[in-house]
Amino acid sequence: MQRAASLFSRTWPPSGIPENEEEVAKDAILEKVMKGRLPTDLMLRCTILDKDGAVKSISGQFKRSDLCNEHRLNPRDLRKIDSRIPNLVPTILIRKEAILINILHIRALVKADTVVLFDTYGSDDSRLHSAFLYHLEHNLKVRGGGSPYEFRAIESILLSVLSALEAEMVFIRNLVGGLLAELEDDINHDKFKRLLHYSRRLASFKNRARLVQDALDEVLEQDDDLNAMYLTDKKKGIVRQNHEHDELEILLEFFSKQVEEIVNEAENIENNVQATQEIVELILDSNRNALLALDLKVSILTMGLGSGALVAGLFGMNLQSHLEEMPYAFAAMTAASAAIATFAAWAGLWRLAKIRKVGLTNSQATNRGSDPKSRAPWIPLPLRRRNFNS
């Protein structure tokens, strides 16, 4: 162990990174991690809506401990909706008097007469948040539908999540569709880099949409959680049976199906991208093979010319052959050199064309199939082992 520790100390930090910069980087990472593990008396920014849908406080500062005491929550429950702590997995937590929702850009606490929206730190999409807050206020003020207060809040939250997914889906679909159309006309390195970037973005989006669907399906599978989400009836002391949650089940199933359609559309686009990548690779391979074949043809023609020039080289030696006295020797040797060069080039090109023939069978089967007498009649594989005499 001491030897391994000494070896690690000699090899760390990696070459090319100054030791002081490495220490500063480690201290910064440690400080960032420890910020999420500080005591519970931290300030959280919240927007609170009352039972009438009116905004009581916008981005107000509240202590975490006060929120836990007021809403009868555990400190670990607020960690899921604290935007300064990264949470990639959407969650819907049901507690005794509240529902905690952490999905995409929305982190909310829903009660029977109150909605607490936790402001997302570092969020740049203020327009989406404003539209969601406006719809939430309007939906909470409408009481004619007969739905409980918490269901109207959940509907607004899920509708905002669905709108965000649809907007991003349309944006990615336009990006990918335009790039695939460009690849049909021209293929270059820059477009391949863009296709790789879009593929990663599409995969990340599909993963987030699938996690949202899983969070909804997880709640739908638990009858106890569905009954516990009837906060208004629980506040009034109404006891519900395990199967009496049709209204909430229909609401969650509707949004689950909508998210499933988005996931399926993302998968279709991803399949189109993969198919395009495979076709482009085939086209590039075909072009590469064509260039190699052209190079081989030039080499074969050069070999043919070299074979014809061999005759001229033989007669260029200072040796007596007694052919120079013949009147037709020059014409005969010229014709013989041309015939040799033509034959060598033709033989090479014929052999190249034979090699370039691609089939689904191997070369031995091809050679065996060239003889009509040795060619066996074609029989389907399942029937070859049967005894036809019986």
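Residues numbered from 1 in each chain as written. Predicted model: local features only at pLDDT ≥ 70, side-chain atom pairs only at ≥ 80, totals over all residues. Heavy atoms only, no water.

Enquirer: Sorry, what's going on with the overall build of the chain here?
Expert: Looking only at helices and strands, the chain features 12 helices and six strands. Out of the 390 residues in the chain, the part that is buried amounts to 32%. By sequence separation, contacts in the chain at least 24 residues apart represent 61% of the contacts at least 6 residues apart. Carbon and sulfur atoms form 57% of the exposed surface of the chain, whose accessible area is close to 26,200 Å². (Helix = DSSP H or I, 4+ residues; strand = E, 2+ residues; numbered from the N terminus. Buried < 20%, exposed > 50% of the residue type's maximum accessible area, 1.4 Å probe, protein only. Contact = heavy atoms within 4.5 Å. Areas by Shrake-Rupley, 256 points an atom, 1.4 Å probe, with all protein chains shown as cover.)

Enquirer: How should the packing of helix α6 (residues 149–185) against helix α7 (residues 189–220) be read in this particular structure?
Expert: Each pair of packed helices gets described by two things: the angle between the helix axes and the distance between those axes. α7 packs onto α6 with a crossing angle of 155° between their chain directions and a minimal axis gap of 10 Å. Judged by the angle between their axes, α6 and α7 are roughly antiparallel. In this structure, α6 meets α7 at a crossing whose hand is left-handed. A class-by-class count of the residues in the contact of α6 with α7 yields 18 nonpolar, no polar and six charged. (Axes fitted to C-alpha atoms, helices over the stretch in contact; angles between N-to-C directions. Parallel < 35°, antiparallel > 145°, perpendicular 65-115°, else oblique. Left-handed = near helix turned anticlockwise from the far one by under 90°. Nonpolar A, V, L, I, M, F, W, Y, C, P; charged D, E, K, R; others polar.)

Enquirer: I keep staring at helix α3 (residues 64–71) and nothing clicks. Help me out?
Expert: Think of an α-helix as turning once every 3.6 residues; residues three or four places apart then point the same way. For α3, every residue scored as buried is listed here: Arg-64, Ser-65, Leu-67, Cys-68 and His-71. One side of α3 carries all its buried residues, which in axial view fall inside an arc of 160°. Facing away from the buried side of α3 by over 90 degrees, the exposed positions are Asn-69 and Glu-70. Next to the buried residues of α3 lie β1 (43–49), β2 (55–63), α4 (75–79), β5 (106–110) and β6 (115–118). Looking one or two residues past α3, Arg-72 carries a phi angle of roughly 55°, positive in sign. (Arc of directions from axis to C-beta.)

Enquirer: Help me understand the pattern of salt bridges, please; the structure alone is not making it clear to me.
Expert: Counted by the stated rule, this structure contains nine salt bridges. One salt bridge in this structure joins Arg-194 and Glu-182, with 3.2 Å as the shortest N-O distance. Placement of Arg-194 in helix α7 and of Glu-182 in helix α6 is noted, with a sequence separation of 12 residues between them. For Glu-182, a relative accessible area of 32% puts it in the partly exposed group. A salt bridge links Glu-267 to Arg-210, with the nearest nitrogen and oxygen atoms 2.2 Å apart. One end of the pair, Glu-267, is in helix α10 (residues 246–315); the other, Arg-210, is in helix α7, with 57 residues separating them in the sequence. (Salt bridge = Lys/Arg side-chain N within 4 Å of Asp/Glu carboxyl O.)

Enquirer: I keep staring at the packing of aromatic side chains and nothing clicks. Help me out?
Expert: Here a ring pair, both rings aromatic, is described through the centre-centre distance and the interplanar angle of the planes. For the structure on display, the rule yields four aromatic pairs. Aromatic side chains Phe-254 and Phe-255 sit 5.2 Å apart centroid to centroid with 80° between the ring planes, which places their arrangement in the edge-to-face category. Residues Trp-346 and Trp-350 carry aromatic rings whose centres are separated by 6.4 Å and whose planes lie at 20° to one another, so their mutual orientation is stacked. On the criterion of helical spacing, the pair formed by Trp-346 and Trp-350 is a turn pair, its members being four residues apart in helix α11 (residues 329–356). Residue Trp-346 is classed as exposed on the basis of its relative accessible area, which comes to 53%. Following the ring pairs from residue to residue traces out a cluster consisting of Phe-343, Trp-346 and Trp-350. (Phe/Tyr/Trp six-rings, centres within 6.5 Å; stacked < 30°, edge-to-face > 60°.)

Enquirer: Just to check I follow, could you spell out α11 for this structure?
Expert: Between its first and last C-alpha atoms α11 spans 40 Å; for 28 residues at 1.5 Å apiece the expected length is 40 Å, and the two agree. For α11, every residue scored as buried is listed here: Ala-329, Ser-337, Ala-341, Ala-344, Ala-345, Gly-348 and Leu-352. In this structure, the buried side of α11 is in contact with α10. (Expected span 1.5 Å × (residues − 1).)

Enquirer: I tried to follow the sheet that holds β1 on my own but got confused; where do I start?
Expert: Hydrogen bonds between backbone atoms are what pair the strands of a sheet, whose relative direction is either parallel or antiparallel. The six strands lie next to each other as β2-β1-β6-β5-β4-β3, forming an open sheet whose pairing is antiparallel. Edge positions in the sheet fall to β2 and β3 (91–94), since each has one partner strand and no second. Geometrically, the sheet is characterised by an average inter-axis angle of 20° between neighbouring strands, direction not taken into account. Bridging between β1 and β2 involves six bridges; their strand directions are antiparallel. Of the residues in β2, the one forming a bridge with Ile-48 is Ser-57. Contacting β1, β2, β5 and β6, α3 crosses the sheet at an angle of about 120° to β2. (Pairing = 2+ DSSP bridges.)

Enquirer: Mind showing me how you'd approach the pairing of β1 here?
Expert: Across a regular strand the side chains alternate sides, sitting on one face of the sheet and then on the other. With five of seven residues buried, β1 lies mostly within the body of the structure. Hairpin geometry of β1 and β2 is characterised by an intervening segment of five residues between the two adjacent antiparallel strands and by a positive phi of about 85° at Gly-53. Of the strand pairs in this sheet, β1 and β6 are connected by four bridges, and their pairing is antiparallel. In the sheet register, Ile-48 faces β6, and the bridge partner there is Val-116.

Enquirer: Is there a simple way to explain empty space enclosed by the protein in this structure?
Expert: Gaps left between atoms show up when a probe the size of a water molecule is rolled over them. The final tally for this structure, using the stated rule, is three cavities of 30 Å³ or more. Of the voids in this model, the largest cavity is the one considered here, and its volume is about 40 Å³. Every residue along the wall of the largest cavity is listed here: Leu-158, Val-161, Leu-162, Val-212, Leu-216, Phe-255 and Val-259. Those elements that provide at least two residues to the lining of the largest cavity are α6, α7 and α10. When residues of the lining of the largest cavity are assigned to their parent elements, the largest contribution, three residues, is made by α6. Taken together, the residues that form the lining of the largest cavity break down as seven nonpolar, no polar and no charged. (1 Å grid on protein atoms, 1.4 Å probe; cavity = no way out; pocket = protein on both sides within 12 Å on 5 of 7 lines; lining within 4 Å. Points joined across faces, edges and corners; volume = space filled by probe spheres on them.)

Enquirer: What's the story with the side chain of Ser-199 in this structure? I'm lost.
Expert: Looking at where Ser-199 falls in the secondary structure, it is placed in helix α7. Separated by 2.7 Å, the side chain of Ser-199 and the backbone oxygen of Leu-195 make a polar contact. When neighbours within four sequence positions are excluded, Ser-199 is seen to be in contact with Val-273 and Gln-277. (Polar contact = N/O pair within 3.5 Å; in protein donor to acceptor, adjacent residues only side chain to side chain.)

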